[in-house]
Amino acid sequence: MTKPQPFWQSKSFSEMTHAEWESICDGCGKCCLHKLIDSDDADETVHFTDIACVLLDCDSGLCSNYAERKAHVPDCVVITPENIFELDYLPVTCGYRRLAEGRDLPSWHPLRHDGSRQPMMDAGMSVAGRCINESEVHEDLELRIVTWPLRDHD
């Protein structure tokens, strides 16, 4: 007897329930890092910094007030089935981006491990312990550019 395909392999984004859609997020926190876009570059290259949104808990890598984040950080981008194809600044490891590009979720994704974030942490995919809260930074963002959020590891 064949095992049924996981929902993310058998459903379109619009067919997913809200809970299914939310579970595509691996909780890495990379989308919560401040990014710089080089407007002088024809490709408009996205540069990640190690500076996190004021709501991101840099120890856990999770939002400290996810349910009310838009009220506290009005420019926080809520990823939806409608806008996912426009958000080209998401890291290449992002579950939403991977599925939108026709790729599968990575081997370390929490959905592949009964919701456990530990394989993601072990794979070095989380910002936990690697970022600093924006409230603590007093230097130019250009001085805080990092490349580790771009590392793709399956």
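Here the structure is a predicted model, which means the values were calculated and not measured.

A. Looking closely at the layout of surface pockets. Taken as a whole, the largest pocket holds about 950 Å³ of empty space. Taken together, 34 residues line the largest pocket, and the ones lying closest to its centre are Cys 31, Cys 32, Arg 69, Cys 76 and Val 77. Only helix H2 (18-23), strand E1 (33-37) and strand E4 (62-63) provide two or more residues apiece to the lining of the largest pocket. For the lining of the largest pocket, the class distribution of residues is 24 nonpolar, four polar and six charged. Each pocket or cavity is described by its volume, and for the second largest pocket that value is around 200 Å³. Surrounding the second largest pocket, 13 residues form its lining, Glu 44, Thr 45, Val 46, Asp 88 and Tyr 89 being those nearest its centre.

B. Region of the structure containing the nonpolar core. Counting residues in hydrophobic clusters, the biggest one holds 14 residues, and the most contacted among them are Trp 8, Met 16, Trp 21, Ile 24, Ile 79, Ile 84 and Tyr 96. Among the elements of the structure, helix H1 (7-10) and helix H4 (95-100) are those that each provide at least two residues to this core. When neighbours within four sequence positions are excluded, Ile 24 is seen to be in contact with Phe 7, Trp 8, Met 16, Gly 95, Tyr 96, Leu 99, Leu 105, His 109 and Leu 111. Core analysis: the next-biggest nonpolar cluster, separate from the first, contains ten residues, Phe 48, Ala 52, Val 127 and Cys 131 among them.

C. Structural view of unusual backbone geometry. You will see that Asp 114, though not glycine, has its phi angle at about 50 degrees, which is positive. Mapped onto the elements of the fold, Asp 114 is located in the loop between H4 and helix H5 (118-122). Taking the relative accessible area as the measure of exposure, Asp 114 reaches 83% and is therefore exposed.

D. Geometry of the pattern of salt bridges. One pass over the structure, following the stated rule, counts six salt bridges. For Arg 97, the salt bridge identified is with Glu 101, shortest N-O distance 2.8 Å. Judged by relative accessible area, Arg 97 falls into the buried class, the value being 19%. Here Asp 104 ties to Arg 112 by a salt bridge, and the two come within 2.8 Å at their closest N and O atoms.

E. The packing of aromatic side chains, seen in detail. According to the stated counting rule, one finds four aromatic pairs in the structure shown. On the basis of an interplanar angle of 45 degrees and a centroid distance of 6.0 Å, the ring pair of Phe 13 and Phe 85 is categorised as tilted. Taken as a pair, Phe 13 in the loop between H1 and H2 and Phe 85 in the loop between helix H3 (69-72) and H4 lie far apart in primary sequence, 72 residues in all. A residue is classified by how much of its surface remains accessible, and Phe 13, at 14% relative accessible area, is buried. Take Phe 85: its relative accessible area is 57%, and that puts it in the exposed class. An aromatic cluster is defined as three or more aromatic residues linked by ring pairs; in this entry it consists of Phe 13, Trp 21, Phe 85 and Tyr 96. Of note, Arg 69 hangs over the ring of Tyr 66, and the distance from its end group to the ring centre comes to 3.9 Å. Between the NZ or CZ atom of Arg 130 and the centre of the ring of Trp 148, over which it lies, the distance is 4.1 Å.

F. Spatial organisation of the pairing of strand E2 (residues 46-52). Summarising burial for E2: six of the seven residues are buried, a large majority. Pairing of E1 with E2 involves four bridges; the strand directions are antiparallel. Directly across from Lys 35, in E2, lies its bridge partner Phe 48. Relative to strand E6 (residues 145-146), E2 runs antiparallel, the two being bridged by two bridges. The residue of E6 that forms the bridge with Thr 49 is Ile 145.

Thresholds, definitions, all that
Residues numbered from 1 in each chain as written. Predicted model: local features only at pLDDT ≥ 70, side-chain atom pairs only at ≥ 80, totals over all residues. Heavy atoms only, no water. 1 Å grid on protein atoms, 1.4 Å probe; cavity = no way out; pocket = protein on both sides within 12 Å on 5 of 7 lines; lining within 4 Å. Points joined across faces, edges and corners; volume = space filled by probe spheres on them. Helix = DSSP H or I, 4+ residues; strand = E, 2+ residues; numbered from the N terminus. Nonpolar A, V, L, I, M, F, W, Y, C, P; charged D, E, K, R; others polar. Core = buried A, V, L, I, M, F, W, Y, C linked by side-chain atoms within 4.5 Å. Buried < 20%, exposed > 50% of the residue type's maximum accessible area, 1.4 Å probe, protein only. Contact = heavy atoms within 4.5 Å. Salt bridge = Lys/Arg side-chain N within 4 Å of Asp/Glu carboxyl O. Phe/Tyr/Trp six-rings, centres within 6.5 Å; stacked < 30°, edge-to-face > 60°. Lys NZ or Arg CZ within 6 Å of the ring centre and 35° of its normal. Pairing = 2+ DSSP bridges.

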